[in-house]
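Descriptive analysis of the structure
Below, each chain spelled out in residue letters.
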Amino acid sequence: SPFLRKQVKERIDACLKRSGWGPFPRPKATQQMLILREGRSETVAVPGGAVHLGSTPAERDVARALCEARLGRSAARRCSTLRFPFENQQRRVRVHAFRLQRTEVSRRAYQACVQAKACRQVPARFRAPGKGSLPMVGVTWAEARSYCRWRGGDLPTERQWVAAARGDTMPPRLWPWGRHAVRGCARILAPKVASIGPVGGQPCDASAFGVLGLAG
């Protein structure tokens, strides 16, 4: 209901204020255009160095509030802080330099691996005509790794994924694009938007290194 949505929004804004994340500014068109003009290479280089894993209590409060805004009535049970057990202790670790694919793997790209007989075929619902630009979903960890190895790489580790999304800025980034939640840059921030969209379809969801789609 509108009343419930208003209450959830007020709670999220309060959590953001306490954590120092700030309100939900709208993305500027010039910022999005700048991101679209950034390098066209298929992979991006992520430098080695220190990276922060885990979240502070205030950051977990915001994550839970966003979860409740997304799931509605089922939120009380499904968005408990127990859903974030590995985020309880923020720690600083190191990672070696690596390269990461700029975007998620599209269904069309995964089918190329299937046709090369290097990947297992997926159910028909993930091969619907006209949906080739959507990200590949519904695969197991082993199937995802088979695709990566076919491409000459591997799945990123937790440290690598966080390094690509957060970088080594101080204070640590809370979103790939910065410390402020921005409506339109992540589907989790827009409850009425479809859960998935075309690969690279939200250009403002870009990390400091130009990796897209890390916020979901």
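For the structure, check the block above.
My aim in this report is to walk through the structure given alongside it, one point at a time.

When we look at burial in helix α6 (residues 141-150), the residues that qualify are Glu143, Tyr147 and Cys148. All buried residues of α6 lie within an arc of 140° about the axis, which places them on one face of the element. Across from the buried face of α6, at angles greater than 90 degrees, the exposed residues are Trp141 and Arg149. Turning to α6, the residues buried within the fold contact α5 (107-115). Phi turns positive, to about 90°, at Gly152, one or two residues after α6.

Now for the state of the cysteines. Under the criterion given, the structure shown has 2 disulfides. Free of any disulfide, Cys148 has its nearest cysteine sulfur in Cys119, 8.9 Å distant.

A word on the nonpolar core. With 14 residues, the main nonpolar core has Phe98, Ala163, Ala164 and Val211 as its most contacted residues. When residues of this core are traced back to their parent elements, those giving at least two are β1 (43-46), β2 (49-53), β3 (91-95), β4 (98-101) and α7 (158-166). Ranked by residues supplied to this core, first place goes to α7 with 4 residues. The residues touching Phe98, leaving out its near neighbours within four places in the chain, are Val44, Ala45, Val46, Gln160, Ala163 and Ala164.

Residue placement: Arg173 occurs in the segment after α7. Here Trp177 takes part through its backbone oxygen, which lies 3.4 Å from a polar atom of the side chain of Arg173.

Taken as a whole, this structure holds 3 salt bridges when the rule is applied. Across the salt bridge formed by Arg151 and Glu42, the nearest N and O atoms sit 2.1 Å from each other. Of this pair, Arg151 sits in the loop between α6 and α7 while Glu42 sits in the loop between α2 (29-37) and β1, placing them 109 residues apart in sequence. One salt bridge connects Arg145 with Asp154, and the closest N-O pair in it is separated by 2.8 Å.

The next thing to look at is the packing of α5 against α6. Where α5 contacts α6, the two axes come as close as 10 Å, and the packing angle between them is 80°. Overall, the two elements α5 and α6 adopt an arrangement that is roughly perpendicular. Seen from α5, the contacting residues are Ala109, Tyr110, Ala112 and Cys113; seen from α6, they are Glu143, Tyr147 and Trp150. A per-class count over the contact of α5 with α6 returns 6 nonpolar, no polar and 1 charged.

Here the distance between the centres and the angle between the planes together describe a pair of aromatic rings. In total, this model carries 3 aromatic pairs according to the counting rule given. Both rings, one in Tyr110 and one in Tyr147, keep their centres 5.9 Å apart while their planes meet at 25°; by these two values the pair is stacked. Linking Tyr110 in helix α5 with Tyr147 in helix α6, this pair joins segments that are 37 residues apart in sequence. Look at Tyr147 and you get buried, because its relative accessible area is 4%. On the numbers, 5.4 Å between centres and 10° between planes, the contact of Trp175 with Trp177 is stacked. Here a set of aromatic residues connected by ring pairs shows up, and it is made of Tyr110, Tyr147 and Trp150.

Thresholds applied
Residues numbered from 1 in each chain as written. Predicted model: local features only at pLDDT ≥ 70, side-chain atom pairs only at ≥ 80, totals over all residues. Heavy atoms only, no water. Buried < 20%, exposed > 50% of the residue type's maximum accessible area, 1.4 Å probe, protein only. Helix = DSSP H or I, 4+ residues; strand = E, 2+ residues; numbered from the N terminus. Arc of directions from axis to C-beta. Contact = heavy atoms within 4.5 Å. Disulfide = S-S within 2.5 Å. Core = buried A, V, L, I, M, F, W, Y, C linked by side-chain atoms within 4.5 Å. Polar contact = N/O pair within 3.5 Å; in protein donor to acceptor, adjacent residues only side chain to side chain. Salt bridge = Lys/Arg side-chain N within 4 Å of Asp/Glu carboxyl O. Axes fitted to C-alpha atoms, helices over the stretch in contact; angles between N-to-C directions. Parallel < 35°, antiparallel > 145°, perpendicular 65-115°, else oblique. Nonpolar A, V, L, I, M, F, W, Y, C, P; charged D, E, K, R; others polar. Phe/Tyr/Trp six-rings, centres within 6.5 Å; stacked < 30°, edge-to-face > 60°.

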